[in-house]
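Next come the chains, spelled out residue by residue.
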Amino acid sequence: MSDEGKLFVGGLSFDTNEDTLAEAFGKFGAIEKVDVIRDRESGNSRGFGFVKFENVEDAKDAQEGMHGKTLDGRAIRVDEAGKGGGLYAPRLYYTSGGFLSVGARPSSGPQRYYRCGGTGQCRCFFLN
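Residue positions are counted from 1 within each chain, in the order its sequence is given. Whole-chain, interface and lining totals are the exception, using all residues; otherwise, since this is a predicted model, local features are given only for residues with pLDDT of at least 70 and side-chain atom pairs are given and counted only at 80 or more. Side-chain descriptors were evaluated using all non-hydrogen atoms of the structure, hydrogens and water having been removed beforehand.

The chain appears in an unreviewed UniProt entry as RRM domain-containing protein from Cyclopterus lumpus.

Shown next, in the form of structure tokens:
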């Protein structure tokens, strides 16, 4: 599936759902798919989502028209999906022994590992 015409929408209110997002972006053209990304365990919104337009030009118009606008009381950020906006979003990997690895891949270069106890306190380890 191509990412052409797909937009990343960040800064969403936790109350924003797929219908709200589709309604806000639908005025720019036909929408193929809308996703609000949710936490696997709680089902709560993670504050971002994606809108895929059938037409790439409609997506560009929506990006220009909606970036910085307010939706459900929050200013949203709209970018092409897959095009970073300067923010680093590390991938998280669980490793044996209950460690959490943060980085590009568990096997690449120095990694940060976090060990969290039941009290919610975490310790950070840097390993080469």
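### Digging into the environment of F50
Note that F50 resides in strand 3 (residues 45-53). Counting along the chain gives 44 residues from F50 to K6, while the straight-line C-alpha distance between them is 6.8 Å. Excluding residues that lie within four positions of it along the chain, F50 makes contacts with K6, L7, F8, L21, K33, V34, D35, I37 and A81. Secondary structure elements are taken from DSSP: a helix is a run of H or I of four residues or more, a strand is a run of E of two residues or more, and numbering for both begins at the N terminus. What makes two residues a contact is simply this: any of their non-hydrogen atoms within 4.5 Å.

### Here's the deal with the packing of aromatic side chains
Centres within 6.5 Å are what make two rings of Phe, Tyr or Trp a pair, Trp counting through its six-membered ring; a difference in plane orientation under 30 degrees is then read as stacked, over 60 as edge-to-face, and the rest as tilted. Inspection of the entire model under this criterion finds three aromatic pairs. Considering the side-chain rings of F48 and F50, the 6.2 Å spacing of their centres and the 85° angle between planes classify their relative orientation as edge-to-face. Among the aromatic side chains, those forming a connected cluster through ring pairs are F8, F48 and F50. Distance and angle both matter: a charge sits over a ring if NZ of Lys or CZ of Arg is within 6 Å of the ring centre and within 35 degrees of the ring normal. A cation over a ring is seen here: K6 above F50, with NZ or CZ 4.8 Å from the ring centre.

### Description of the environment of G5
Along the chain, G5 falls in the segment before strand 1 (6-10). When near neighbours in sequence (up to four residues on either side) are disregarded, G5 contacts V51, K52, F53, V56 and A59.

### Overview of the pairing of strand 3
Per-residue accessibility, obtained with a 1.4 Å probe over protein chains only, is compared with the maximum for each type, and a residue is labelled buried under 20%, exposed over 50%, and partly exposed between these values. Extensive coverage of strand 3 is indicated by the burial of seven of its nine residues. Note that strand 1 and strand 3 share five bridges and pair antiparallel. The residue bridging G10 from the neighbouring strand is F48, located in strand 3. As paired strands, strand 2 (residues 31-38) and strand 3 are joined by six bridges and run antiparallel to one another. Looking across to strand 3, one finds that V34 is bridged to V51. Linking strand 2 to strand 3, which pair antiparallel, is a turn of six residues; within it G43 sits at a positive phi near 80°. The pairing criterion is simple: DSSP has to find at least two bridges between the two strands.

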